[in-house]
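Residues per chain, in single letters:
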Amino acid sequence: MNKPIIIGVIMDPIEQINILKDSTWAMILAAQKRGWQVHYLQQADLFTRNGIVYTENRAIKLIPGQDPWLELSPANTCELSEYSAILMRKDPPFDLEYIYTTYMLELVEQQGTLIVNKPQSLRDCNEKFFITRFPQCTPPTLVTRSASRLHQFIQEHKDCIFKPLDGMGGTSIFRVQSNDPNKGVIIETLTKKGTTSTMAQCFIPEISEGDKRILMVDGNPAPYALARVPLAGETRGNLAAGGTGKGVALSDRDYWICEQVGPILKEKGILFAGLDVIGNYLTEINVTSPTCIRELDRQFELDIAGDLMDAIELRLPA
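Keep in mind that this is a model prediction, so the values were computed, not measured.

### What about the overall build of the chain?
A count of helices and strands for the chain gives eight helices and 18 strands. Over its C-alpha atoms the chain spans a radius of gyration of 20 Å, differing by no more than 12% from the 20 Å that the globule rule assigns to 318 residues. With the C-alpha coordinates aligned to their principal axes, the bounding extent of the chain is approximately 70 × 45 × 35 Å. Buried positions account for 51% of the 318 residues belonging to the chain. At a minimum sequence separation of 6, the contacts of the chain that also span at least 24 residues come to 66%. Taken as a whole, the chain presents about 15000 Å² of accessible surface, with 49% of it coming from carbon and sulfur.

This is the structure we're talking about:
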């Protein structure tokens, strides 16, 4: 008799999610449809004792179209290695607590439990810096804490985007032009007076057409992207910064970028990722908790979360 498949999902408080847009909701529902058991976990529920990782958990059942839309069982304690697979879907910030959680997940991974995404890769693949692995796909890019190098970059390219390496949702992203009287204070602020590395990229005018989020499952792209179009007068397409999303078919260039990145994602055990593409250029690779599943599924009758569950099932013991 086959062992039942039990999936643990580490996420933010579920009562705070937007069920119309949340990608983790889609993943839980896709697992449910396969008859898999799903348990709801939070970072604070995990603990390690004598080298064994345990968790407080609650079985979860989603009930679309009803209010309330979920059922949670009473809390129980189990070893994390009892799960067939664990989805790490905790949103940033990527802080020390996040890193400590990856240490625990790595212990569990060593005991044979599949972790999505691989804990080491969650630590190694900074969502901004990871693009430097693919210079053939990116706009001119500089990472430095040196104010003089950043000033030189502005003079060379005239129109630039500056961003912190640990930001999310469009926070602290600046467009800086060579005649900007505030460029010195922007550099000073982002680098914290030369103590923190910052990313500079050449400004891409095609941002007016949207910052495309391409979802990758097991190294392969969904055939459509969500183009997040900035508000008028804004340079950030992030939905969290007020952008609006519209579905678009992938271009030949998009597929080429995916062909460059996909094999490395597979090599690193990153089963689910979100590539951000503006115009012809890769600008970020999101590996912690990529979103936009629900929007693309609705517009194009896709089942991206189902594709992810298929990839997970292929990696589980027979």
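Having seen it, we continue.
### Observations regarding the packing of aromatic side chains
One pass over the structure, following the stated rule, counts six aromatic pairs. Where Trp25 meets Trp69, the ring centres are 5.3 Å apart and the plane angle is 70°; that geometry is what we call edge-to-face. Of the two residues, Trp25 is situated in helix H1 (residues 23-33) and Trp69 in the loop between strand S4 (52-62) and strand S5 (70-72); the sequence distance between them amounts to 44 residues. Against the face of Phe203 rests Arg175, its NZ or CZ located 3.7 Å from the ring centre.

### Topic: helix H6 (residues 252-267)
Quick reminder: α-helices carry 3.6 residues per turn. Residues three or four places apart thus point the same way. For H6, built from 16 residues, the straight-helix expectation of 22 Å at 1.5 Å per residue is met to within 8% by its first-to-last C-alpha distance of 24 Å. Along its length, H6 reaches its greatest deviation from straightness, about 30°, at Val261, and the proline Pro263 lies no more than four positions downstream. Of the positions making up H6, those classed as buried are Asp254, Ile257, Cys258, Val261, Gly262, Ile264 and Leu265. If you follow the buried residues of H6, they end up packed against strand S13 (211-217), strand S14 (220-221), strand S16 (244-249), strand S17 (272-278) and strand S18 (281-286).

### Describing the pattern of salt bridges
Following the criterion strictly, the structure yields twelve salt bridges and no others. Arg315 is the partner of Asp218 in a salt bridge, and the nearest nitrogen-oxygen pair spans 2.7 Å. In this pair, Asp218 sits in the loop between S13 and S14 while Arg315 sits in the segment after helix H8 (304-314), placing the two residues 97 residues apart along the sequence. With its nearest N and O atoms 2.9 Å apart, the salt bridge here joins Asp276 to Arg228. On the criterion of sequence distance, the pair formed by Asp276 in strand S17 and Arg228 in strand S15 (residues 224-229) is long-range, its members being 48 residues apart. According to the relative accessible area criterion, Asp276 is buried, its value standing at 3%. Residues joined by salt bridges that share partners form a network here, namely Asp211, Arg213, Arg228 and Asp276.

### What about the sheet that holds strand S12 (residues 198-202)?
Across the sheet, which stays open at both edges, the four strands sit in the order S9-S12-S10-S11 with antiparallel pairing between neighbours. If you trace the sheet from one side to the other, it starts and ends with strand S9 (141-144) and strand S11 (174-177), each paired once. Strand-to-strand twist across the sheet, computed as the mean angle between neighbouring axes with direction ignored, equals 25°. Pairing of strand S10 (residues 159-164) with S11 involves four bridges; the strand directions are antiparallel. Along S11, the bridge assignment pairs Phe162 with Phe174.

### Overview of the packing of H1 against H8
Relative to each other, H1 and H8 sit at 60°, their axes nearing to 8 Å. Between H1 and H8, the interaxial angle falls into the category oblique. By crossing handedness, the relation of H1 to H8 is classed as right-handed. Contacts between H1 and H8 involve Ala26, Met27, Ala30 and Ala31 from the former and Ala305, Gly306, Leu308 and Met309 from the latter. In terms of residue class, the contact of H1 with H8 is built from seven nonpolar, one polar and no charged.

### As for the layout of surface pockets
When its volume is computed, the second largest pocket comes out at roughly 320 Å³. The class makeup of the residues in the lining of the second largest pocket is six nonpolar, five polar and three charged.

### Looking at helix H4 (residues 147-157)
For H4, the set of buried residues is Leu150, Phe153, Ile154 and His157. In an axial view of H4, the angular spread of the buried residues amounts to 100°, which keeps them on one side of the axis. Exposed residues pointing more than 90 degrees away from the buried face of H4 are listed as Gln152 and Glu156. Here the buried face of H4 lies against S9, S10, S11, helix H5 (183-190) and S12. At the exit of H4 stands Lys158, carrying a positive phi of roughly 70°.

### Let's talk about the environment of Ile99
Note that Ile99 resides in helix H2 (residues 96-110). In this structure the C-alpha to C-alpha distance between Ile99 and Asp307, which are 208 residues apart in sequence, comes to 28 Å. Apart from the residues lying within four places of it in its own chain, the contact partners of Ile99 are Phe94 and Arg123.

The rules behind each value
Residues numbered from 1 in each chain as written. Predicted model: local features only at pLDDT ≥ 70, side-chain atom pairs only at ≥ 80, totals over all residues. Heavy atoms only, no water. Helix = DSSP H or I, 4+ residues; strand = E, 2+ residues; numbered from the N terminus. Rg over C-alpha atoms; globule rule 2.2 N^0.38 Å. Buried < 20%, exposed > 50% of the residue type's maximum accessible area, 1.4 Å probe, protein only. Contact = heavy atoms within 4.5 Å. Areas by Shrake-Rupley, 256 points an atom, 1.4 Å probe, with all protein chains shown as cover. Phe/Tyr/Trp six-rings, centres within 6.5 Å; stacked < 30°, edge-to-face > 60°. Lys NZ or Arg CZ within 6 Å of the ring centre and 35° of its normal. Expected span 1.5 Å × (residues − 1). Bend = angle between axes of the 7 residues up to and from the residue. Salt bridge = Lys/Arg side-chain N within 4 Å of Asp/Glu carboxyl O. Pairing = 2+ DSSP bridges. Axes fitted to C-alpha atoms, helices over the stretch in contact; angles between N-to-C directions. Parallel < 35°, antiparallel > 145°, perpendicular 65-115°, else oblique. Left-handed = near helix turned anticlockwise from the far one by under 90°. Nonpolar A, V, L, I, M, F, W, Y, C, P; charged D, E, K, R; others polar. 1 Å grid on protein atoms, 1.4 Å probe; cavity = no way out; pocket = protein on both sides within 12 Å on 5 of 7 lines; lining within 4 Å. Points joined across faces, edges and corners; volume = space filled by probe spheres on them. Arc of directions from axis to C-beta.

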